[in-house]
Amino acid sequence: MARHPAVYILASRQNGTLYVGVTAHLVNRIWQHRNGTIEGFSRRYRIDRLVYYECYSDMPTAIRREKQIKKWRRRWKLALIERENPYWDDLWECFVLISGFPLPGMTAVHPAGCGFPLSRE
């Protein structure tokens, strides 16, 4: 499941700057965002909190969904995040734990954030 294509939303903080992306490997991509190895918008504005994601079985479907969400108004994106993650928990550690890719030094996360992964097919 961890290697399935995924659409994700990162935030700089609750109600902060948002970034919508798509990837074939969510754990690796979020690690890259969190460690500043990806040049561009997310690094410049320190957007590294995973607040929402959806998993798909194929990349073309995930890319279509990413493009759809990117066109949305900000308030729609906020509503999407808050419907699934009302406390704006950083879901990255939770995702890593439930996907079977634990990393050294990880701590427990708020249980509200562990209602993922989402599958939207």
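Residues numbered from 1 in each chain as written. Predicted model: local features only at pLDDT ≥ 70, side-chain atom pairs only at ≥ 80, totals over all residues. Heavy atoms only, no water.

1. Digging into helix 4 (residues 74-84)
Since the α-helix turns once every 3.6 residues, residues separated by three or four places project in the same direction. Worth spelling out the cut-off: The cut-offs for exposure are 20% and 50% of the maximum accessible area for each residue type, with area from a 1.4 Å probe on protein chains only; residues under the lower value are buried, those over the upper are exposed, and the others partly exposed. Numbering of helices and strands runs from the N terminus, with a helix taken as a DSSP run of H or I at least four residues long and a strand as a DSSP run of E at least two residues long. The directions considered for the arc are those from the helix axis to the C-beta atoms. We call two residues contacting when some pair of their heavy atoms lies within 4.5 Å.
Of the residues making up helix 4, those classed as buried are K77, L78, L80 and I81. Along the axis of helix 4, the buried residues cluster in a sector spanning 160 degrees; they form a single face. Exposed side of helix 4, more than 90 degrees from the buried face: R75 and R83 are the residues found there. Where helix 4 is buried, its residues meet strand 1 (6-11), strand 2 (18-23), strand 3 (49-55) and helix 3 (59-71).

2. Let's talk about the sheet that holds strand 2
Worth spelling out the cut-off: Any two strands are treated as partners once DSSP identifies two or more bridges connecting them. For helices, the fitted axis covers only the stretch in contact; all axes are lines through C-alpha atoms, and the angles between them, taken along N-to-C directions, range from 0 to 180 degrees.
With respect to topology, 3 strands assemble into an open sheet ordered 2-1-3, the strand pairing being antiparallel. Across the chains shown, the open sheet's two edge strands, defined by having one partner strand only, are strand 2 and strand 3. Taking each pair of neighbouring strands and ignoring which way they run, the sheet shows an average axis angle of 20 degrees. The pairing of strand 1 with strand 2 spans 6 bridges and is classified as antiparallel.

3. Here's the deal with the packing of aromatic side chains
In this description, an aromatic ring pair is defined by two values, namely the gap between the centres and the angle between the planes. How we decide: Working definition: a ring pair exists when centres of Phe, Tyr or Trp rings (six-membered ring for Trp) sit within 6.5 Å. Plane angles under 30 degrees give stacked, over 60 give edge-to-face, the rest tilted.
The tally for this structure, following the rule as stated, stands at 3 aromatic pairs. With a centroid separation of 4.9 Å and an interplanar angle of 50 degrees, the aromatic rings of F41 and Y45 are classed as tilted. Considering the side-chain rings of W72 and W76, the 6.4 Å spacing of their centres and the 80 degrees angle between planes classify their relative orientation as edge-to-face.

4. Regarding the side chain of H25
Within the element layout of this structure, H25 appears in the loop between strand 2 and helix 1 (26-34). A relative accessible area of 11% means that H25 is categorised as buried.

5. Digging into the nonpolar core
Convention followed: Each nonpolar core is a collection of buried residues, namely Ala, Val, Leu, Ile, Met, Phe, Trp, Tyr and Cys, held together in the definition by side-chain atoms within 4.5 Å.
Within the largest apolar cluster, 15 residues are counted, with the highest numbers of intra-cluster contacts made by V7, I9, L18, V51, I69, I81 and W88. Formed by 13 residues, the second largest nonpolar core is a distinct cluster that contains Y8, I30, L91 and W92.

6. Observations regarding unusual backbone geometry
Positive phi, normally seen in glycine, also occurs at N15, with a value near 60 degrees. Even without being glycine, R46 reaches a positive phi, approximately 55 degrees. Counting through the fold element by element, R46 comes out in the loop between helix 2 (41-44) and strand 3. Residue class for R46 comes out exposed when judged on its relative accessible area of 69%.

7. A closer look at the pattern of salt bridges
We apply this condition: Each salt bridge in this description consists of a side-chain nitrogen of Lys or Arg and a carboxyl oxygen of Asp or Glu lying within 4 Å of one another.
Scanning all chains against the criterion turns up 5 salt bridges. When the shortest N-O distance is used, the salt bridge between R83 and E84 registers 3.6 Å.

8. Some details on the pairing of strand 2
In the case of a regular strand, side chains alternate between the two sheet surfaces. Among the 6 residues that make up strand 2, 5 are buried, leaving the element largely enclosed by the rest of the structure. The hairpin formed by strand 1 and strand 2 contains 6 residues between the paired strands, and N15 there has a positive phi angle of roughly 60 degrees.

9. Looking at helix 3
Applicable threshold: Expected helix span is taken as 1.5 Å per residue step, with the number of steps being one fewer than the number of residues.
Here helix 3 spans 19 Å end to end across 13 residues, near enough to the 18 Å set by a 1.5 Å rise per residue. For helix 3, the set of buried residues is A62, R65, E66 and I69. Seen from one end, helix 3 has its buried residues packed into an arc of 105 degrees, which puts them on one side. Summarising the geometry of helix 3, the exposed residues directed more than 90 degrees from the buried face are R64 and K71.

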